[in-house]
Structures are given as C-alpha cells and as structure tokens.
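# Structural features, examined
Okay, here's what each chain looks like letter by letter:
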Amino acid sequence: EAVRGGRATKRRSITDKISSADVINFTEAHATQTAYARFTSGKYGWLEWTAAQGVDSSGLDDCAAERVVKYYTYRTNEFSLVFSTGGQILSAIAQHYKASTRCGGGDWSVIRQQGIQTSTSGNSVHSSEVKNAKGSHKSALARAGNAERDSVDVFEPVHLRTFFSKYLSGRCLHECNP
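Residues numbered from 1 in each chain as written. Predicted model: local features only at pLDDT ≥ 70, side-chain atom pairs only at ≥ 80, totals over all residues. Heavy atoms only, no water.

## Focus: the pattern of salt bridges
A full pass over the atoms with the stated rule returns three salt bridges. Taking the shortest distance from any N to any O, the salt bridge between D61 and R67 comes out at 2.9 Å. Notably, a salt bridge pairs E66 with K70, separated by 3.3 Å at the nearest N-O pair. Within this pair, E66 and its partner K70 are both found in helix α4 (residues 64–75), separated by four residues, close to a single helical turn. Take E66: its relative accessible area is 42%, and that puts it in the partly exposed class. Take K70: its relative accessible area is 45%, and that puts it in the partly exposed class. (Salt bridge = Lys/Arg side-chain N within 4 Å of Asp/Glu carboxyl O. Helix = DSSP H or I, 4+ residues; strand = E, 2+ residues; numbered from the N terminus. Buried < 20%, exposed > 50% of the residue type's maximum accessible area, 1.4 Å probe, protein only.)

Right, dumping it as structure tokens:
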C-alpha cells in the first residue's frame, strides 16, 4: 500500500498504464484546492474578487493579464505585503487558470490582426505586465527597507550544526579549512 494525503491507498498493479499527464494535472489541481485555497476561493480570493469586478475568473481575453495585475496589487495591499506572498498569489492564479481553462503554463501572448477576432495564448500570469508588477513590488519593498532575500534556507543553521558535529567534532569551527 502507498500513503497519500495521510491515507493508505492500494498500490497499482505493475502492469497498469500510468498517464503522466493525468498525474501532473491531478497534482496541480489538488495543490490549487489545498495550498492556495485562500488565494483562489477564500475570503478576498481570486473568485470573490473577479465576481465583484463582474468578470469571469477564468476569462482569457486580451485584458486577462491586466486583471491579474490589479488583483495582485489589491491582494498585496498595494505592494506592502512581503514579496513571497505575492509569489504564492500568482502561483494560485496560474494553477487556477491551468485547471479551469487548459491554457497551459506557457508565456502569455495576445494576437491581434485586423479584421479577425483577438485571440490569446498561454497563461496570463506569465505576462510582461505581471513581471513588471512583481518588479515594482520588489522595488517598493526595498524603498521601504523591507527587501527580502531571494532564497532562504530555514534549515541552514541545522545543516551546519549537523555537519560540524558529524565531521568536525572536537575542533573549533574557525580552525577548520574550508
């Protein structure tokens, strides 16, 4: 038996066919429903916000990227919340779009031709407008003195202590040659 979500499940037979696309889609949809639920369906979430704006939460018209930027600005309290929260918000919206529209995860583009209806391609979260908003968010935090490190390993002190106790026991750290 395998354990999934804290529950034991039956293991597949060795001869069963497994669709990697189905597994990936299920995993992404499940992640959207659980980890990012507060940003999509929770209070002040994407679904509530788009309903208040009178637009489709899965709409992929030529204004979709602009809507994502407006929600991002609204949800980060005009860039006053930490940058990592903004990343979680965008991940939630990206997964919502992937789960509800089959737009995929590619870069966003709007195709306009004279005399032909405008069409779109990709995921609106991956647009230049959203990228610019993220840059503005990061700049706003830096100006306020609240810049975040790009990468933080919360276990780093634990890793150093474990390494030191295992390999350098009985020696002073400053005496060790890196």
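Back to the text.
## Side note on the nonpolar core
Formed by 22 residues in total, the largest nonpolar core has its most connected members in W46, V68, Y71, L90, I93, Y97 and V125. Breaking this core down by element, the ones donating at least two residues are α3 (46–53), α4, α5 (83–101) and α6 (128–143). Setting aside residues up to four positions removed in sequence, L90 forms contacts with V68, Y72, V125, V130 and K134. (Core = buried A, V, L, I, M, F, W, Y, C linked by side-chain atoms within 4.5 Å. Contact = heavy atoms within 4.5 Å.)

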